[in-house]
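The residues making up each chain are set out below.
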Amino acid sequence: MHIALASDHAGFEYKERVKLLLIELGHNVEDLGTDSERPVDYPLFIRPLAEAVADGRYDRGIVFGGSGNGEAIVANRVPGVRCTLCWDVESARLAREHNDSNVLALGQRLLDFDEVQVILQTWLETPFAGGRHARRIRMIDQPIPARPPAAGNGAAPHRTNLIEEVEFICNACRQEFQVPIDISAGAVQELLEECPVCCHENAIFVRIDDDGEVFVSGDLHVTG
């Protein structure tokens, strides 16, 4: 795997140690700085890494700081980057499984290096689960409209015409909840949605007719 690393001065030590670890594991590693513990401004190092990952020059990126918070914020300003700040194995597993994380942020002042190693291993080895999570990532990556709709027309500025919400009744607890549908994903879709009330995973079948009307079905048919 081709992996880029970057840090500020507060994450420099862990960057150097992780670099050696990744090389030992057989990864192709590029160090984008910083090169010492001399104080620097982290956006100068983190943004170029994020842009390179988004452009496909690296498979993954790892950024380091004192807490990792600022580094994650900078990285996530770059479209196409999904930088996750991880603090234990479970957060690392979910970052990959649910979010298809392509950049990992680590806080040197908040983690022992033993913790960093197991987080790193989990993040590198866990595959993306796809399914309903893939649809949500497509939603994240949809461009924001350049100009919000005029006030008073009833449209939500953050919505795009690719997303439709329909009502569905949980097959287990019978509570109604909203399901977002990605219109661009095809006229026939099968989703797996967790009920926000009872956490039951519902198999939901979607059909979109020629007029763009969305129909969903499970145990109970509800038209959006």
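Structure: see above.
Residues numbered from 1 in each chain as written. Predicted model: local features only at pLDDT ≥ 70, side-chain atom pairs only at ≥ 80, totals over all residues. Heavy atoms only, no water.

Teacher, can you tell me more about the side chain of Gln108 here?
In this structure, Gln108 sits in the loop between strand E5 (103-107) and helix H5 (113-125). You can call Gln108 buried: its relative accessible area is 16%. A distance of 3.3 Å separates a polar side-chain atom of Gln108 from the backbone oxygen of Ala10. Filtering out sequence-adjacent residues up to four positions away, Gln108 remains in contact with Ala10, Gly11, Phe12, Glu13, Tyr14, Gly65 and Gly66. (Helix = DSSP H or I, 4+ residues; strand = E, 2+ residues; numbered from the N terminus. Buried < 20%, exposed > 50% of the residue type's maximum accessible area, 1.4 Å probe, protein only. Polar contact = N/O pair within 3.5 Å; in protein donor to acceptor, adjacent residues only side chain to side chain. Contact = heavy atoms within 4.5 Å.)

I keep staring at helix H2 (residues 43-54) and nothing clicks. Help me out?
In an α-helix there are 3.6 residues to a turn, and that puts residues three or four apart on one side. Taking 1.5 Å as the rise per residue, H2 with 12 residues should run 16 Å; its terminal C-alpha atoms sit 16 Å apart, in good agreement. Among the residues of H2, Phe45, Ile46, Leu49, Ala50, Ala52 and Val53 are the ones counted as buried. Seen from one end, H2 has its buried residues packed into an arc of 160°, which puts them on one side. Buried residues along H2 sit in contact with strand E1 (2-7), strand E3 (60-65), helix H3 (69-76) and E5. (Expected span 1.5 Å × (residues − 1). Arc of directions from axis to C-beta.)

What should I look at first to understand the sheet that holds E1 in this one?
Across a sheet, paired strands are connected by hydrogen bonds in the backbone, their directions being either parallel or antiparallel. Taken in spatial order, the five strands line up as E2-E1-E3-E5-E4 in an open sheet, and their pairing is parallel. Looking at the sheet topology across the chains shown, the edges are occupied by strand E2 (28-31) and strand E4 (83-85). Direction aside, the axes of adjacent strands within the sheet are offset by 20° on average. As defined by bridge partners, E1 adjoins E2 across four bridges and the pair is classed as parallel. Bridging across to E2, Ile3 finds its partner in Val29. (Pairing = 2+ DSSP bridges. Axes fitted to C-alpha atoms, helices over the stretch in contact; angles between N-to-C directions.)

Honestly, the environment of Asn99 in this entry has me stumped. Any pointers?
Positionally, Asn99 belongs in the loop between helix H4 (89-97) and E5. Each C-alpha atom, one on Asn99 and one on Phe128, is 7.4 Å from the other, the two residues being 29 residues apart in sequence. In this structure Asn99 touches Arg82, Thr84, Leu94, Phe128 and Ile137, once residues within four positions along its chain are discounted.

Is there a simple way to explain the packing of H2 against H3 in this structure?
Contact geometry of H2 with H3 gives a least axis separation of 8 Å together with a crossing angle of 45°. Comparing their axes, H3 and H2 come out oblique. Regarding H2 and H3, the two cross each other, and that crossing is right-handed. Only Glu71, Val74 and Ala75 of H3 make contact with H2, whose side of the interface consists of Pro43, Ile46, Arg47 and Ala50. In terms of residue class, the contact of H2 with H3 is made up of five nonpolar, no polar and two charged. (Parallel < 35°, antiparallel > 145°, perpendicular 65-115°, else oblique. Left-handed = near helix turned anticlockwise from the far one by under 90°. Nonpolar A, V, L, I, M, F, W, Y, C, P; charged D, E, K, R; others polar.)

How should the packing of aromatic side chains be read in this particular structure?
Between two aromatic rings, the relevant description is the distance of the centres plus the angle of the planes. A complete count under the given rule lists two aromatic pairs for this structure. Relative to Phe113, the ring of Tyr14 has its centre 5.2 Å away and its plane inclined at 65°; by these criteria the two rings are edge-to-face. Pair noted here: Tyr14 is in helix H1 (residues 12-24) and Phe113 is in helix H5, with a separation of 99 residues, a long-range link. Comparing Tyr14 with Phe113, the two get one shared label, buried. (Phe/Tyr/Trp six-rings, centres within 6.5 Å; stacked < 30°, edge-to-face > 60°.)

In this structure, what is going on with unusual backbone geometry? I would like to understand it.
The bulk of non-glycine residues show a negative phi, and the bulk of peptide bonds are trans. Residue Thr34 is bonded to the preceding Gly33 through a cis peptide linkage, with omega at 5°. Topologically, Thr34 is positioned in the loop between E2 and H2. Even without a glycine there, the phi angle at Asp100 is positive, about 50°. As for its position among the elements, Asp100 is in the loop between H4 and E5.

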